[in-house]
Amino acid sequence: MEFSELIKARKSVRGYLPKPVPREVIEEIIEVAKWSPSSMNTQPWYVHVVTGEPLDRIRRGNTENMVKGVPPKRDFPMKEAYDGIHRKRQVDIAIQLFDAMGIARDDKERRTDWVMRGFRQFDAPVSLVLTYDKYLEPAAISQFDLGALSHALVLAAWERGLGSVINGQGIMQSAVVREHAGIPDDQNIMICIAMGYPDEDFVANSVKSVREDAANFVRYVGF
Ligand SMILES: Cc1cc2nc3c(=O)[nH]c(=O)nc-3n(C[C@H](O)[C@H](O)[C@H](O)COP(=O)(O)O)c2cc1C
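Now for a description of the structure that goes with this document. (Residues numbered from 1 in each chain as written. Predicted model: local features only at pLDDT ≥ 70, side-chain atom pairs only at ≥ 80, totals over all residues.)

**As for the overall build of the protein chain**
Then, in step 1: The helix and strand inventory of the protein chain stands at seven helices and four strands.
Then, in step 2: Along the protein chain, helices and strands appear, N-terminal first, in the series α-α-β-α-α-α-β-α-β-α-β.
Then, in step 3: Taken along its principal axes, the extent of the C-alpha atoms in the protein chain is 55 × 40 × 35 Å.
Then, in step 4: Within the protein chain, the proportion of its 223 residues that are buried is 30%.
Then, in step 5: In the protein chain, 86% of the contacts between residues at least 6 apart in sequence involve partners at least 24 apart. (Helix = DSSP H or I, 4+ residues; strand = E, 2+ residues; numbered from the N terminus. Buried ≥ 20, exposed ≤ 12 C-beta atoms within 10 Å, placed from the backbone. Contact = placed C-beta atoms within 7 Å.)

**A look at helix H7 (residues 174-181)**
Each α-helix winds once per 3.6 residues, and so residues spaced three or four apart point in a common direction.
Then, in step 1: Along H7, the residues that are buried comprise Ser174, Val176, Val177, Arg178 and Ala181.
Then, in step 2: Of the residues flanking the end of H7, it is glycine 182, one or two places downstream, whose phi is positive at about 65°.

**Some points on unusual backbone geometry**
For residues besides glycine, phi is generally negative; the peptide bonds are generally trans as well.
Then, in step 1: Glutamate 137 connects to proline 138 through a cis peptide bond whose omega is 0°.
Then, in step 2: Looking at where proline 138 falls in the secondary structure, it is placed in the loop between strand E2 (126-133) and helix H6 (140-159).
Then, in step 3: Despite not being glycine, glutamine 121 shows a phi value in the positive range, around 55°.
Then, in step 4: Examined against the element boundaries, glutamine 121 turns out to sit in the loop between helix H5 (108-119) and E2.
Then, in step 5: Its identity is not glycine, yet phenylalanine 122 carries a phi of approximately 55°, on the positive side.
Then, in step 6: Mapped onto the elements of the fold, phenylalanine 122 is located in the loop between H5 and E2.
Then, in step 7: The exposure class assigned to phenylalanine 122 is buried, which follows from the 27 C-beta atoms found within 10 Å.

**Looking at the nonpolar core**
Soluble globular proteins tend to bury their nonpolar side chains together.
Then, in step 1: In terms of nonpolar packing, the biggest core is built from 40 residues, with Val129, Leu130, Leu153 and Met195 touching the most fellow members.
Then, in step 2: Those elements that place two or more of their residues in this core are helix H2 (23-33), helix H3 (52-68), E2, H6, H7 and strand E4 (187-196).
Then, in step 3: For this core, the element with the most residues is H6, which contributes eight residues.
Then, in step 4: Sequence-distant contacts of valine 129, that is, excluding residues within four places in its chain, are made with His48, Val50, Ile171, Val177, Ala181, Ile183, Ile189 and Cys192. (Core = buried A, V, L, I, M, F, W, Y, C linked by C-beta atoms within 7 Å.)

**Comments concerning the environment of valine 203**
Then, in step 1: Structurally, valine 203 can be placed in the segment after E4.
Then, in step 2: On the basis of neighbour counts, which here come to 14 C-beta atoms within 10 Å, the residue valine 203 falls in the partly exposed class.
Then, in step 3: Setting aside residues up to four positions removed in sequence, valine 203 forms contacts with Ala100 and Met101.

**Side note on the packing of H3 against H7**
Between two packed helices, the angle of one axis relative to the other and the distance separating the axes together describe the packing.
Then, in step 1: Where H3 meets H7, the closest approach of the two axes is 9 Å, and the angle between their N-to-C directions is 160°. In this view, H3 runs roughly antiparallel relative to H7, as classed from their interaxial angle. In the packing of H3 onto H7, the handedness of the crossing is right-handed. Contact residues: H3 offers Pro54, Arg57, Ile58, Gly61, Asn62 and Asn65, while H7 offers Val176, Val177, His180 and Ala181.
Then, in step 2: Here the contact of H3 with H7 is composed, by residue class, of five nonpolar, four polar and one charged. (Axes fitted to C-alpha atoms, helices over the stretch in contact; angles between N-to-C directions. Parallel < 35°, antiparallel > 145°, perpendicular 65-115°, else oblique. Left-handed = near helix turned anticlockwise from the far one by under 90°. Nonpolar A, V, L, I, M, F, W, Y, C, P; charged D, E, K, R; others polar.)

As structure tokens, this is what we get:
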């Protein structure tokens, strides 16, 4: 697939077939994605590829904590509420997803169910947990590098017929992920990527998010 075609075709996948992903395919994806650029070529990332029973334990732990009302705790500070255009875009994608799923605004049960699916990483067969060394804090530039790796991972996966969704929901209870994925204490958990073969019948997978006109966020200087 042409790169321009690939980057435009990829979309987040939130429904998966219960079909295992061969380890060799994940290895191939990582071999491609590791060519991502990083600040001073530090390559500050670790990728913990989790499946099977450990991933199920993470799903259960996340779910139990969220049901009990345990406040989310990530390994890095994060703004919890967005304003203005950012809030609007956040709401717009939620509306697109709920509309596709036929979930009404006042249907609290199904909305909660959807959120819980997120904490289970959409029941994907695999999760890639991305971490970096704690001593790198304040780690904005390393976190940026992990972002570059993430995009390469999801594109390399898409090229191989695998869907994915980069998700914060899966690592919001970082202690749960740390315990069941065996993440060393000297690493910070940044993000996870749920991955698997897309369930083409899952309606939320048909959602195509929108993008701003470049004219609204680009300035050309000195042209
Ligand atoms: C850092 C990051 C965190 C995300 N967290 C979640 C999440 O917790 N749950 C979710 O459903 N999608 C999550 N997403 C997916 C975004 O909602 C999605 O990328 C965005 O709406 C654009 O849609 P697209 O990926 O289909 O192009 C996340 C994406 C990124 C990059």
